[in-house]
Each structure stands twice: as C-alpha cells, then as structure tokens.
Amino acid sequence: MLYYFFEYLDKVFDLPGAGVWRFISFRASAAIIVSLSIAAIFGKRIIHKLQMLQIGESIRDLGLHGQMEKKGTPTMGGFIILASLLIPVLLFARLDNVYIILLIVATVWTSLIGFADDYIKVFRKNKEGLKGRFKVIGQIGLGLIVGLTLFYNKNVTIRQFTGGGQYVDTTSLHTTVPFTKNNLLDYHIFSQYLPDSLGWLPYVLICIFIITAVSNAANITDGIDGLAAGTSAIIGVTLAIFAFLSGNKIFAEYLNIMLIPNSGELAIFSAAFVGACVGFLWYNSYPASVFMGDTGSLMLGSVIATMALILRKELLIPVFCGIFLVENLSVMAQVFYFKYQRRRHGLEYAQKHRLFLMAPLHHHYQKKGQHEAKIVTRFWIIGILLAIVSIVTLKLR
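Residues numbered from 1 in each chain as written. Predicted model: local features only at pLDDT ≥ 70, side-chain atom pairs only at ≥ 80, totals over all residues. Heavy atoms only, no water.

Draft legend 1. Local environment of the pattern of salt bridges. Tallied over the entire structure, the rule returns eleven salt bridges. One salt bridge in this structure joins Asp294 and Lys135, with 3.0 Å as the shortest N-O distance. Of this pair, Asp294 sits in helix H10 (residues 293-310) while Lys135 sits in helix H5 (residues 132-152); the two residues are 159 residues apart in sequence, bridging distant segments of the chain. For the pair Asp294 and Lys135, a shared accessibility class is recorded, and that class is buried. A single network of salt bridges, built from pairs that share partners, joins Asp117, Lys121, Lys135 and Asp294. (Salt bridge = Lys/Arg side-chain N within 4 Å of Asp/Glu carboxyl O. Helix = DSSP H or I, 4+ residues; strand = E, 2+ residues; numbered from the N terminus. Buried < 20%, exposed > 50% of the residue type's maximum accessible area, 1.4 Å probe, protein only.)

Draft legend 2. Structural view of the side chain of Ser390. Its location among the elements puts Ser390 in helix H15 (residues 372-392). Leave out the neighbours within four places in its chain, and Ser390 touches Thr238, Phe242, Leu316, Val319 and Phe320. (Contact = heavy atoms within 4.5 Å.)

Draft legend 3. How the structure looks around a nonpolar patch on the surface. Among the surface-exposed residues, Phe179, Ile381, Ile384, Leu385, Ile388, Val389, Val392 and Leu396 lie close enough to one another that they form a single nonpolar patch of about 710 Å² accessible area. Of note, Val392 is situated in helix H15. Of the residues examined, Val392 reaches a relative accessible area of 39% and is grouped as partly exposed. (Patch = residues over 30% accessible without salt bridge, like charges linked within 9 Å, V, L, I, M, F, W, Y side chains within 5 Å. Areas by Shrake-Rupley, 256 points an atom, 1.4 Å probe, with all protein chains shown as cover.)

Draft legend 4. Expanded view of the environment of Thr149. Residue placement: Thr149 occurs in helix H5. Thr149 sits 71 residues away from Ile220 along the chain, and the two C-alpha atoms are 28 Å apart. Leaving out residues up to four positions away in the same chain, Thr149 has contacts with Val98, Leu102 and Val156.

Draft legend 5. The packing of helix H3 (residues 78-92) against H10, seen in detail. The N-to-C vectors of H3 and H10 enclose an angle of 50°; their axes lie 7 Å apart at closest approach. Classed by the angle they form, the pair H3 and H10 counts as oblique. Residues Gly78, Phe79, Ile81, Leu82 and Leu85 of H3 form the contact with H10, whose own contacting residues are Thr295, Gly296, Met299 and Leu300. By residue class, the composition of the contact of H3 with H10 is six nonpolar, three polar and no charged. (Axes fitted to C-alpha atoms, helices over the stretch in contact; angles between N-to-C directions. Parallel < 35°, antiparallel > 145°, perpendicular 65-115°, else oblique. Nonpolar A, V, L, I, M, F, W, Y, C, P; charged D, E, K, R; others polar.)

Draft legend 6. Representation of the packing of aromatic side chains within the structure. According to the stated counting rule, one finds 15 aromatic pairs in the structure shown. Relative to Tyr4, the ring of Tyr3 lies with its centre 5.3 Å away and its plane at 85°, an arrangement referred to as edge-to-face. By relative accessible area, Tyr3 is classed as buried at 7%. Look at Tyr365 and Phe379: their rings are 6.4 Å apart centre to centre, the planes differ by 85°, and that puts the pair in the edge-to-face class. Placement of the pair is Tyr365 in helix H14 (residues 361-367) and Phe379 in helix H15, with a sequence separation of 14 residues. Through successive ring pairs, a cluster of aromatic residues spans Phe5, Phe6, Trp21, Phe26 and Phe92. When the ring centre of Phe242 is taken as reference, the NZ or CZ atom of Lys313 above it lies at 5.4 Å. A cation over a ring is seen here: Lys395 above Tyr254, with NZ or CZ 5.6 Å from the ring centre. (Phe/Tyr/Trp six-rings, centres within 6.5 Å; stacked < 30°, edge-to-face > 60°. Lys NZ or Arg CZ within 6 Å of the ring centre and 35° of its normal.)

Here it is in structure tokens:
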C-alpha cells in the first residue's frame, strides 16, 4: 500500500525521496526490518494471550530427554509468523502483482488448515487433530489454485530477447533444470498427447504434488525447538536471491538465466518471510517459549513450494529444501523398513530392529543422546551449505 502512496507523491508533488520506493532493494530491506520489529514487539503479547487462553501443547511421551518439560508450552505461535509476514507484504509489496496475490492466498489458505488442526488438538482435546484426508484436500485445493493460475494467467510470463535490445514477453511452462547446460524443460511435453481441454492437467498435478510434499515435510521437520523456523529462514534467503536475480534484466542476462517479469517483487515477500522466521526464532529457540504448531509449519512449506514454482526452481527443491527432504524420507524409510521386517520376520523382530532409533531423523539423534540445540545447529549448517550449492547452480552447469 505504501508503494502506491509514495508513487502518487512522487508523480504529483515530486516529493524528495519518494522515488526510492520504486527500488525493490529498499522495499525488501524495509520489509525485513518491519517483520523483525513486529515479531519482537508483538510476539511476547501473542504468547501471553495464548497462555491466558491455556493454548498449551499436549506432549506424547516418546522417551526423549527433556520432552515432558515442554508440556503446556503455548502452541499456535504460527500467528506470530503470520502477522510478521503479511503486514510488511501488504505495506511494501505491489498488490497488483499476480505472484504476490498468489503467495498471500497460499499463506492464508494453509494457515487456516493448520489452525483447524491446532484448534481440534487444543480445544477438542483430540491429539490426532484434523483428519489427514481433510489436510490433503486443503493442500490439493491450494495446488489447484496455484497450478491453474500459473498455467492460465496472462501475467505469468517469461521474457525472451530477440536481438537488438528487443524482447517479447510470452506465456510459457518452461522451468529450470539444475546442473545442465541447456537447462530449460517445457512441461507441455507431458500434455502433448492429451486433448487441449486437459492440457493443464499434468502441470497442475505436478503443482499439487510439490505443494503437498513440501508442506508436509515442513510439518514433519517442526519437531524440536527452532529447527523448522531456522531452516525455513535459510531457504527464504535462497529464494530471495533467486527472485531478485530472476526479475533483474542485467543479472539475468549476465547469468544466462530465465528472466521472469515482475518476479522481483517476490524478493520483498521473501525478505518479510525471512524476517518472520528469524523473529519467531527469538521465542522458539531452545528452550522454546512458544511452538508454531501446524498454523505455522504447514504455511511455511506451502509458501516455499509456491515461491519455487513461481520462480521456476521447483526441480531444485530437493537441494535447497534438503533438510525437509531428508526428514520426510526418514519417516517413509522407517515405515517401509518396519513393514518389510514385520512381513519377513514377524512383529516382535520388526519392533526390535528398526532402521532409525526413531523417526523423523532429528529424533534419531536425540535418542542417541545428542542435545537438541546441537542437532538444530548442525542441521542449520547443512541447510546453509545446501543453500550455497543451490545458488551456485545458476552458473555451474
């Protein structure tokens, strides 16, 4: 909103300094500062309100060190992230940008799904929360919105240069294939044998899969203090760099990467996203004063997935979301191995011979006696390394 206000002042009154609001770098910096400030100022009040409403986490005894001490810690702290993210975006981003609108929808949509899950757990005293099929239906709904918007909306384009400084903006389903020289893949190859009326189906199914997978992976990762928020902040920085470079003609030409008109605005959203995650860490770092709950964790994953799809970097998700991926795979591997051993040797043998001491992977290291703060820090370090590798892929082909 402030962008339009200062644009008006600049055009009509030629107000000194108003023109700086045109620069994405300035608005992104302002977004992260405001985001951090909101989390710092209002986070404590939100936590106090959650305590007054007795919105505490119910803990299942899994035999982990220090686990039961967390019983009663306020949950639904995702509201801190939500406020710290949306307010700066509404203030500093261009709200007529289709990508910003799509990300706001993704943020609110999955926050509501997560809130429903937390509400059932806390107020209905049902530890299972929202039934899994309803979560999946909600994630499929978001995948449909994102996929159909990116497929049909005429403002979703890439810029192709035709020589002599001339260019043309075209709708396209090209995406970036990492580590390859001619690194563009056209999703239309998956629909060439389908009737025109179903040409959208393969791409939308891919969007649904990616959003559902990353959203659930972030939810699984949110198991110990600071892990999901810190990892998401690192991923957010990576996506902010991708957004800034992909929306800038000079950098896109120099790096020979896809130029996506208007995608630079995503740098502002990413900056607010990073500020919200880091601000939340102030209260969520060990020992946590608040948990984000599904209100926050489902939203983090869906926002990351949506940004990756917009920036045509979804095939790079296994790298910069490597922590999420490994956490998710550890659960799948644990279940598969248990069923295999049970079928081959019986239930008693399968219970004694597990692939991991406990899944997800962070609980395995807790069972081995490592302090959760050390586990989180090491996962962050790995996340930073994966982020660097992801950025290097822009030139390493």
